[in-house]
Amino acid sequence: MPITKDLLDQLLNEYEKPEDLLGDEGLLHQLTKALVERALEGELTHHLGYQKHASAGDHTGNSRNGTTPKTIKSKRGQTDIEVPRDRNGSFEPQLIRKNQTRFDGFDEKIISLYARGMTTREIQGHLQEIYGTEISPALVSSATEAVLAEVRAWQSRPLDSVYPILYLDALIVKVKENGRVINKAVYLVIGVNLQGLKEVLGIWIAETEGAKFWLSIVTELQTRGVQDVFIACVDGLKGFPEAIEAVYPKTQVQLCLVHLLRHSLSYVSYKERQEVAADLKLIYQASTLEEAETRLLEFSEKWESRYPVVARSWQSNWARIVPMFAFTPEIRRAIYTTNAIESLNFSLRKIIKNRALFPNDDAVLKILYLALRNIAKKWTMPIPDWSAAMNQFAILFEARVPMNGFGANSFTQIF
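Residues numbered from 1 in each chain as written. Predicted model: local features only at pLDDT ≥ 70, side-chain atom pairs only at ≥ 80, totals over all residues. Heavy atoms only, no water.

## Comments concerning the side chain of N193
Let me state the cut-off plainly: Runs of E in the DSSP output that reach at least two residues are strands. Runs of H or I that reach at least four are helices, and both are numbered from the N terminus. In protein, a polar contact requires one atom able to donate a hydrogen and another able to accept it; more generally it is a pair of N or O atoms within 3.5 Å, and residues adjacent in sequence count only if both atoms are side-chain atoms.
As for its position among the elements, N193 is in the loop between strand 4 (180-192) and strand 5 (198-206). At a separation of 3.1 Å, a polar atom in the side chain of N193 contacts the main-chain amide nitrogen of L197.

This is the structure in structure tokens:
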């Protein structure tokens, strides 16, 4: 129903200053209270089947039974309302449900702030400052609790049958458990689907990062529909490649150069780090395997006496590094690019850095899932050179590349 000019003039008859419209007892506040209460009265009338004081309500077995005071919170602050009741307690309001204390999308604001890494105390302060609304830690928890059902549905969703590339990694967080604080590993699997779009396949939490747990994760991916993976990029965890190959024997396991470089440079003095990094880059960006082996030999001759651990690390892991030299530059860039996993980890670390510890595993899942949901909104374009990479995949893995279209259950599509 349109609001007429005459009605607006009547409402604004006493308007003299902004506080009369926007203040705690201003017109908008009063309208919110009046409209909500009027709507609730209408709901009760519909529930009972007769108007207030109407004789049709006589001997029906139910009637109005006064009101219950309630405070609702919205973006305009707090509003005290009166919720009508019926005598036998069967009335269930729809506009403001039982036990609901937030109105006008308030829960979504809490979830949005939570997803961006704000702590409970910061959310309390922000909402108090912006909306003049006080909230408790329990309210933040209850507002985000519904997210867990969404997480579980997302975690069990069916996946595509083929992912050309998987990146597998883990983050460490501190979680309170049985009265003590322990480090836990948060496992992440990022897939690149046939369209070249990144997709987080799942989040898992365990006390330690181990090959045995990775095996259970890879097995779960298989049960959710993943039939084939062309290339899996992993860190240097012992037994990790074998865990993948046990489930996907045709998968080419490639050591993640991001992890190897980070490990190598941690042993190098700050003054020489840039030079060592440049020499290592000559190895993994070599055009051919023969050139890479020559560069590795040159690196060892130059740096082994000063940094023997670095040289030995590349030598001992060489068998898991060299597979990429069988691929074209387009595929190699997709494999060793730091963007896919490092930018994600950087964003997640920014989210969790304000929390010294988490009270339980569910708290970890909630904030990381919400953060990933925000991050995935930016994943709208294929990774660089993907068309050229897919052409090469079609040649190298001819019998394994689906040729009847690129269906995808991408993370961005789910939201």
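Let's pick the thread back up.
## So, the pattern of salt bridges
Oppositely charged side chains are able to pair whenever their charged atoms sit close together. This is how the line gets drawn: Definition used for salt bridges: Asp or Glu carboxyl oxygen within 4 Å of a side-chain nitrogen of Lys or Arg. Burial classification: accessible surface area is computed with a 1.4 Å probe over protein chains only, and a residue below 20% of its type maximum counts as buried, one above 50% as exposed, and the rest as partly exposed.
Per the counting criterion, the structure on display carries 15 salt bridges. Residue E150 is joined to R373 by a salt bridge in which the shortest nitrogen-to-oxygen separation is 2.9 Å. Of this pair, E150 sits in helix 7 (residues 147-155) while R373 sits in helix 17 (residues 361-376), and the two are 223 residues apart along the sequence. The class of E150 is partly exposed, set by a relative accessible area of 32%. Note that E245 and R320 form a salt bridge whose closest N and O atoms lie 3.2 Å from each other. Taken as a pair, E245 in helix 9 (residues 240-247) and R320 in helix 14 (residues 318-321) lie far apart in primary sequence, 75 residues in all. Residue classification places E245 among the partly exposed positions, given a relative accessible area of 28%. Residues participating in the shared-partner salt-bridge network are E177, K184 and D361.

## Here we look at helix 17
Our working rule: In a helix, the anticipated span is given by 1.5 Å times the number of residues less one.
Its 16 residues give helix 17 an end-to-end C-alpha distance of 22 Å, which sits within 8% of 22 Å, the value for a rise of 1.5 Å per residue. Taken across its 16 residues, helix 17 has 13 buried, putting it largely inside the fold. The backbone nitrogen of D362 has a side-chain oxygen 3.2 Å away, supplied by the residue at the start of helix 17, namely N360.

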